[in-house]
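# Breakdown of the fold
Here's the letter readout for the chains.
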Amino acid sequence: MTRGTSVPDELRYTAEHEWARLDGDVVVVGITDFAQDQLGDVVFVQLPKPGARVEIGAEFGVIESVKSASDLFSPLSGEVIEVNTSLDEQPELVNDSPYDAGWMLRIRSESPAQLDTLMDSTAYRRHIGA
Amino acid sequence: MTEALLSELSVPGRPTVVVPKPDLPAVKSDIPVSLLRTALPLPQVGEPEVVRHYTRVSRLNVSIDTTFYPLGSCTMKYNPKVNDAMASLPGFRNIHPLEPEALTQGAIQLTYELQRLLAAISGFDAVSLAPAAGAQGELSGLLMIRAAHEARGEGSRRRRVLIPDSAHGTNPATAAMVGYQVVALRSDARGNVDLAALRDLLDDDVAGLMITAPSTLGLFDEAMLEVTSLVHQAGGLVFGDGANLNALLGVARPRDFGLDVMHMNLHKTFTTPHGGGGPGSAAICATEALAPFLPTPVATRHTDGAFTLDEVRPASIGRLHAFHGHFGMLVRAYTYIRMVGSAGLREVSEAAVLNANYLRARLADAYRLPYDRSSMHEVVFAGLRADGASVEGAHVRTLDVAKRLLDYGFHAPTIYFPLIVPEAMMVEPTETETKATLDAFVDAMLAIAAEARRDPELLHAAPTTTPVGRLDEATAARNPILHW
Amino acid sequence: MSFVPLTEAERTEMLGTLGLADAGALFDVLPESIRFPAIDIGPALTEMEAVSQLEGLAARNTPLGSVPSFLGAGAYRHFIPSAVGAIMSRSEYGTSYTPYQPEVSQGTLQVMFEFQSLVCALTAMEVANASVYDGASALAEAALMAMRSTGRDRLVVSGAVHPHYRGVLDTYVGAKQPDITTSDVIVEDGVLVERGLIEALDEQTACCIVSQPTFFGEIRDLTPVVEAAHRVGALVVEVYNPTSLGILKPPGESGADIAVAEGQALGIPLSYGGPYVGLMSCRRELVRQLPGRIAGEARDAQGRRGFVLTLQAREQHIRREKATSNICTSQTWISLGVTAYLALLGPEGLRSVGNACHETARYAADRLAAIPGVAVVTPRPFFHEFAIRTLLSASELNRRLLERGIIGGFDLGPSYPHLADVSLLCCTELTSPAAVDALVESVRDVVRSSP
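Right, let's walk through the structure included here. Please read these numbers as outputs of a predicted model, since none were measured by experiment. (Residues numbered from 1 in each chain as written. Chains lettered and ligands numbered in written order. Predicted model: local features only at pLDDT ≥ 70, side-chain atom pairs only at ≥ 80, totals over all residues.)

### Some points on the overall build of chain B
Along chain B, the regular secondary structure elements total 14 helices and 12 strands. In terms of overall size, chain B behaves like a compact globule, its C-alpha atoms giving a radius of gyration of 25 Å where 484 residues would be expected to give roughly 23 Å. If one aligns the C-alpha atoms of chain B with their principal axes, the spans along those axes are about 80 × 60 × 45 Å. Put simply, of all contacts in chain B between residues at least 6 apart along the chain, 71% involve residues at least 24 apart. (Helix = DSSP H or I, 4+ residues; strand = E, 2+ residues; numbered from the N terminus. Rg over C-alpha atoms; globule rule 2.2 N^0.38 Å. Contact = placed C-beta atoms within 7 Å.)

Structure follows, in structure tokens:
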């Protein structure tokens, strides 16, 4: 893995390299620094519309780099209340700022306890061989 | 060196090519103004500048006729000029696809004879030349497999298609178009289908297997007959991807591998032009059992000797093309095959395979070989050997080697495919190259390997001698500019 | 005739490098039981012998132009400026492949970009791909595009779309088992009318597929069908004739969402049906559903303009089973011919072709309509094709015309059994008034002499 990959301690992680952060009663979702580095230059992010339902472990969108395309998997179930529309014009935010300006969805979770089924930072570091 | 866009050469009022007004009594247009167009924003450039423009633009390409072009899995062999001359004969070039068959007997006879030649080469019982390209050949094959299972009453049960992880992307994309669930089949350490994995996956819900022979790794599966027989025992059918047929002419008939249906790319093995990415051209070949499902038309011969394009085939998967496929390409492939003849078939593939193995042997010290066995018509390397690559802080990747090759005056091999070989570099020399060309290519590859150790920046900065340098594909995809 | 340049000495030396005595050993991996079969495909011909064989086959065909012909129905004989062939014969275009290495493929990529630009200009659409196989597969791909982008699986298809295109549509979408409703085309009060198109549209409809001009040549106001389709959230796919766009309102201005066509009429020889080139253009928001290759503008580190294959994540080599289509090749070489043709003609040239076709077809139709027993059943206005009905079956009419040295129109019987007495005739700028006069005299003669 690349030196200096960031894995913030306060986040939860999926095996498919999404992160989730509890923010009040909503959960913010994006992809990890490791994932963006593996993908290379992100050129397009396809996200669901606000109001859509997402299911834990199911696809919610697609992320494309110049020569790859990967499905995005939801870390939990719930209703999408907001999507990061900045990514339409600036998909590179996922590369530049994966945990902050490059966030993807805000989900109202019906079961925040689902977050506890995800990896913590220690487990995720192990997962990516860091 | 770049060239202006056609639109940038446009000057209002510049005379262009027109056709004469018909010599008829003048009548007032009966088309309502609301259905007429107002603006027609095409450039106005004029013939002299148009010809100069496209001549200059052509010189921004390298091509088989200018350059060694070892693009793996694409069979960039010499295309005989006589092919184009024959396709331009007025009796082929100016015939309409819907003319009465009595007026196109020569064209239908050519189609019929080409079907028979390809059947003899492949060992199959029946051939249709309807597919427009390899991917349409694959589509035909999978639709035929589906139709065959439906005819046996097993259509709804058999929902899965197995595809080796080394396969070209068209294989899974085709299976998905036909409504199948795609299951990736592992390759083993020798580049063969993993037989244990195959046995595990084979079940009565498997419609079939798509297999490329030789594989995209440039290897012939050491258990080919067992692979096809296992699929058959499970009630499945085997589709053969014939993209790599150039390794097998006169060496083996693919039907004898146990394939049920196979496509061939006429623009690869049979020298129809690659045309900057197309048109492709393909044949779809079938066993007697699957022949009824072939796409229409199929050329046949009546007892009275007349030839006909048979469109009325009740079990056929149907029509793939508005007319009869890429006839102009069939003329070229037919011309080529007649010149090769029985005796020439094996010579083609032996030289193609010899050339690939010669490159393999001569480059093996500098470039990593993922599989320790001899190649067929192409050889896949897994990037530079470690001692050439891991200069601290200046990692040299396959992409850099490929770009540097352009500076040495060669087209690059196919890179980063197949996906299961890291840093893949797929080299297919074909049979139409001289030893001197192969040696010059080897010298360039070895020089680049030395440069990677000595001066990796040279590789990172490459190419520098081409009309443009490396282009920023990320920005191009983020903010697409798709027309002037 | 061998194209293998290795000498025996070189072969031996190369085998020596491999430690092999003979080339047969290269194939030891193949099971011995199937290795080196006897294959008889006849003797190897020299080029001279091959040319003689091929010339013999070509001589058994009757090229259009050697006799008067009125065949169209999706493949058209037009004048092709000599410069089109000269440009296409540059082997830098013909013997290169997919521009995987853009730095040494700018020729191909620039042509693709210019082709896309010309298709956009012609159709008044925002994006175009670099071509698909032909007009029929373009239509099938457009239907699949509409199904993906709307998430719906119902197709409403005009019966006045080319019947062969509808056949290819069936082949392509069959696996997805959509519900396809096709409108009826019948002769009523002496003219062809279509029934049940707008009525078939509903909120499950992915797209409505129409042809302008229709397969029968008629030019229609598409406004009612476009509005009706959009009202229920369906897309409109318009099949157009590119020659007609020299004079007719383009698909983008008619409200179509996806425009598809056969590009052969733009500078490509008939060649017994192929290779031709499918044109596809659409509204910008559909671009990620568009199949096939697309070239885009890019810059290098020095700021020089170049072109690359872009939006590749749509395609099979990246997305595999989730790709927009399995298509890999485009008809690049043929699209070069189209590009050169449009570049040479420009707006004035294309308009001159459109007008000449239209005027000649009107002249022919007027003359034929004046013959007792002959009716022109395509409603006016039409572009350069029209259907006629006589008391004879179309196949019989054609047989008798051929006896008189004329290739008649397209017999509608096999595709529309209830229209077996109707044939579709076409005139282009290459149809001389004398050929029309010969047709008129022959039809008059045939109709008069029939019972």
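### Quick word on the overall build of chain A
When you go through chain A residue by residue, the secondary structure sums to 4 helices and 9 strands. In chain A, the succession of helices and strands from N to C terminus is β-β-β-α-β-β-β-β-β-α-α-β-α. Relative to the 2.2 N^0.38 estimate, which gives 14 Å for 130 residues, the radius of gyration of chain A is 13 Å and therefore close to what a compact globule would have. Here the C-alpha coordinates of chain A stretch approximately 35 × 35 × 20 Å along the principal axes. The buried share among the 130 residues of chain A stands at 42%. At a minimum sequence separation of 6, the contacts of chain A that also span at least 24 residues come to 64%. (Buried ≥ 20, exposed ≤ 12 C-beta atoms within 10 Å, placed from the backbone.)

### Examining the environment of Leu20 of chain C
Residue and element names in this part refer to chain C. Among the structural elements, Leu20 can be located in the loop between helix 1 (8-17) and helix 2 (47-58). Under the C-beta neighbour-count criterion, Leu20 is labelled partly exposed, with 17 such atoms within 10 Å. In this view, Leu20 contacts Leu15, Ala25 and Leu26; residues no more than four positions away in its chain are not counted.

### Looking at the interface of chain A and chain B
With 6 residues of chain A at the contact, the number on the chain B side is 4 residues. Residues of the side of chain A that touches chain B, tallied by class, amount to 4 nonpolar, no polar and 2 charged. (Nonpolar A, V, L, I, M, F, W, Y, C, P; charged D, E, K, R; others polar.)

### Brief notes about the sheet that holds strand 3 (residues 26-31) of chain A
All names here are of chain A. The strand order across the open sheet formed by 6 strands is 1-2-3-9-8-5, and the pairing between neighbours is antiparallel. Lying at the two open borders of the sheet, with one neighbouring strand each, are strand 1 (12-13) and strand 5 (53-54). Across 2 bridges, the pairing between strand 5 and strand 8 (residues 78-83) is antiparallel. Pairing of Arg53 across the sheet is with Glu79, part of strand 8. (Pairing = 2+ DSSP bridges.)

### Digging into unusual backbone geometry
In this chain, Ala462 of chain B is followed by Pro463 of chain B through a cis amide linkage whose omega measures -5°. Mapped onto the secondary structure, Pro463 of chain B falls in the loop between helix 13 (456-461) and helix 14 (473-478). The omega torsion across Arg380 of chain C and Pro381 of chain C is 0°, close enough to zero to call that bond cis. Here the phi dihedral of Glu423 of chain B falls at roughly 55°; this positive angle occurs in a residue that is not glycine. Along the chain, Glu423 of chain B falls in the loop between strand 11 (414-415) and strand 12 (424-427). Since 19 C-beta atoms lie within 10 Å of it, Glu423 of chain B is described here as partly exposed. Residue Asp189 of chain C is not a glycine yet carries a positive backbone phi of 50°. The residue Asp189 of chain C is located in the loop between strand 4 (184-188) and strand 5 (191-195) in this model. Of the residues examined, Asp189 of chain C has 6 C-beta atoms within 10 Å and is grouped as exposed.

### Notes on the sheet that holds strand 6 (residues 205-212) of chain C
All names here are of chain C. Taken in spatial order, the 7 strands line up as 1-9-8-7-6-2-3 in an open sheet, and their pairing is mixed. Bordering the open sheet on either side are strand 1 (127-128) and strand 3 (179-182), each of which pairs with just one other strand. Across 4 bridges, the pairing between strand 2 (residues 154-157) and strand 6 is parallel. Paired with Arg154 across the bridge in strand 6 is Thr205.

### A short note on the interface of chain C and chain B
On the side of chain B, 164 residues touch chain C, which itself brings 169 residues to the contact. Tallying contributions element by element places helix 11 (residues 332-369) of chain C first for the side of chain C that touches chain B, with 21 residues. Looking at the side of chain C that touches chain B, its residues break down into 89 nonpolar, 48 polar and 32 charged.

### What to know about the nonpolar core
In terms of nonpolar packing, the biggest core is built from 353 residues, with Leu139, Ala143 and Val237 of chain C touching the most fellow members. It is helix 9 (residues 327-363) of chain B that contributes the most residues to this core, 20 residues altogether. Excluding its chain neighbours within four sequence positions, the residues that come into contact with Val237 of chain C are Leu139, Ala142, Ala143, Ala146, Cys207, Ile209, Ala256, Ile258 and Val260 of chain C. (Core = buried A, V, L, I, M, F, W, Y, C linked by C-beta atoms within 7 Å.)

### Let's talk about the packing of helix 5 (residues 106-123) of chain C against helix 11 of chain C
All names here are of chain C. Helix 11 packs onto helix 5 with a crossing angle of 60° between their chain directions and a minimal axis gap of 9 Å. Comparing the axis directions of helix 5 and helix 11 gives the class oblique. In terms of crossing hand, the pair formed by helix 5 and helix 11 is left-handed. Of helix 11, the residues touching helix 5 (which contributes Thr108, Val111, Met112, Glu114, Phe115 and Leu118) are Thr332, Ser335, Leu336, Val338, Thr339 and Leu342. (Axes fitted to C-alpha atoms, helices over the stretch in contact; angles between N-to-C directions. Parallel < 35°, antiparallel > 145°, perpendicular 65-115°, else oblique. Left-handed = near helix turned anticlockwise from the far one by under 90°.)

### Looking at helix 11 of chain C
Side chains of residues three or four places apart in an α-helix project in the same direction, reflecting 3.6 residues per turn. All names here are of chain C. Counted at 1.5 Å a residue, the expected span for helix 11 with its 38 residues is 56 Å, but the 42 Å between its end C-alpha atoms falls short. A bend of about 100° at Gly346 is the largest found in helix 11, and the proline Pro347 appears one to four places after it. For helix 11, a buried count of 32 out of 38 residues is recorded, marking the element as mostly surrounded by other parts of the structure. (Expected span 1.5 Å × (residues − 1). Bend = angle between axes of the 7 residues up to and from the residue.)

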